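# Chains, contacts and geometry: an overview
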Amino acid sequence: MRHTSLCRGLAAVLVLAICSLICAAAVRAAPPIPYSPWGTVTINGALATDWVIVEARIGGVTYATTHTTGGGWYALDVVGDDPDSPQKDGGVPGDTVLFYVAGYLASPSSTWASGAKARLDLTVSIPGWIPPVTPTPTATPAPTPTATPQTVTLLGRVSLQARPTPPAIPWVVALRVQVGNATYTTWTDTSGRFVLLDVPGGPQQITVKNAHTISNRIASIVLLPGPNDLDLGTLWEGDANDDDVVDITDFSILRLVFATTDGRADFNQDGIVDILDFSLLRSNFAKHGPLLLRVSR
Ligand SMILES: [Ca+2]
Ligand SMILES: [Ca+2]
């Protein structure tokens with residue numbers, strides 16, 4: 001008799017536990033189906049070449065990224081907000097979706113709708129647009145059976161104004177380098193070269209800036225596994241306040257610290273703020289970044 005009661009009790013507990021699990025699963029909502037626009041990308045009136053980066057952003061946050069392929073086509077899956085997570089991690093019905101091509105706002109915008117698959121042809125105007133190139137892979141030894149996948153390494157170089165012939169100490173400068181969504185702080189060597197290990201591969205946008213130069217940008221380039229040797233151009237001096245434009249504010253700083261060792265306006269890094277630094281500022285006056293670069297390796 002006691003044995004039968006015990007069994008009934010255990011069975012009741014088991015049934016309750018199963019019911020709890022079923023109820024918990026029922027409460028969790030299914031994740032929303034993404035919004036999937038697709039279509040062509042036109043840049044300055046011409047269909048985009050392959051490997052141009054296309055992003056979908058909601059409220060300034062990128063929720064989907066792809067690149068053009070097959071002669072200017074793109075397709076995106078813009079994820080929806082998971083109702084079971086406290087943070088916003090995607091779109092909700094009615095959200096405005098903005099599209100960016102190589103970092104530039106394209107038109108038209110759209111509205112997020114779960115499960116919608118609509119054609120949306122994007123157009124964008126990009127001053128000084130230079131189409132991306134697919135690099136020639138760097139020659140590497142024949143792979144062995146035990147070879148592991150190569151990470152992506154950026155072997156960058158910049159030119160600096162008004163410096164002695166390299167190698168020389170004034171070529172050693174701090175750089176902020178942005179590769180896709182990743183930002184790095186690094187230093188050049190005495191010839192303006194730098195190395196970044198394990199950077200994101202595939203199609204990327206790369207921007208480089210020193211605290212007193214304006215920034216240079218490669219709008220879209222494909223980074224391959226292994227070393228990627230990349231010339232990031234001449235960094236133009238004169239941005240004393242590091243706001244990516246050379247203007248009257250920078251001149252005011254230079255005038256304030258003239259004849260001192262203040263690094264903000266010692267553009268040629270020779271240890272003194274003088275007429276040479278003023279000449280650099282004057283020659284680059286009104287330049288602003290980012291300057292788009294033609295890719296060369
Ligand atoms: Ca400035
Ligand atoms: Ca100087």
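Now for a quick tour of the structure.

Calculation notes
- Residues numbered from 1 in each chain as written.
- Chains lettered and ligands numbered in written order.
- Predicted model: local features only at pLDDT ≥ 70, side-chain atom pairs only at ≥ 80, totals over all residues.
- Heavy atoms only, no water.
- Core = buried A, V, L, I, M, F, W, Y, C linked by side-chain atoms within 4.5 Å.
- Buried < 20%, exposed > 50% of the residue type's maximum accessible area, 1.4 Å probe, protein only.
- Helix = DSSP H or I, 4+ residues; strand = E, 2+ residues; numbered from the N terminus.
- Contact = heavy atoms within 4.5 Å.
- Pairing = 2+ DSSP bridges.
- Axes fitted to C-alpha atoms, helices over the stretch in contact; angles between N-to-C directions.
- Salt bridge = Lys/Arg side-chain N within 4 Å of Asp/Glu carboxyl O.

It is worth spelling out the nonpolar core at this point. Residues Val 41, Ile 43, Leu 76, Val 78 and Leu 122 are the most contacted members of the largest nonpolar core, which totals 25 residues. Listed by contribution, the elements that provide at least two residues to this core are β1 (38–43), β3 (53–58), β4 (61–67), β6 (96–101) and β9 (122–124). Aside from chain neighbours lying at most four places away, what touches Leu 76 is Tyr 35, Ser 36, Pro 37, Val 54, Glu 55, Ala 56, Ala 64, Thr 65, Thr 66 and Phe 99.

Attention now goes to the pairing of strand β12 (residues 182–187). As defined by bridge partners, strand β11 (residues 174–179) adjoins β12 across six bridges and the pair is classed as antiparallel. Within the sheet, the bridge partner assigned to Val 177 lies in β12 and is Tyr 184. If you look at the hairpin formed by β11 and β12, you'll find two residues sitting between the two strands, and Gly 180 has a positive phi there, around 60°.

What follows concerns the sheet that holds strand β13 (residues 193–196). One open sheet holds the three strands; their spatial order is β13-β10-β16, and the pairing between them is mixed. Every interior strand has two partners, whereas the edge strands, β13 and β16 (226–235), have only one. Neighbouring strand axes in the sheet, compared pairwise and without regard to direction, differ in orientation by 20° on average. Where strand β10 (residues 152–160) lies against β16, eight bridges are found, and the strand directions are parallel. Directly across from Leu 160, in β16, lies its bridge partner Leu 235.

So, about the pattern of salt bridges. All told, the structure shown has nine salt bridges when counted by the stated rule. The partner of Asp 121 in a salt bridge is Arg 119, and the shortest N-O contact between them spans 2.9 Å. Overall, Arg 119 belongs to the partly exposed group, its relative accessible area being 45%. One salt bridge in this structure joins Asp 242 and Arg 176, with 3.1 Å as the shortest N-O distance. Of this pair, Asp 242 sits in the loop between β16 and α2 (248–256) while Arg 176 sits in strand β11; the two residues are 66 residues apart in sequence, bridging distant segments of the chain. Taking the relative accessible area as the measure of exposure, Arg 176 reaches 35% and is therefore partly exposed.

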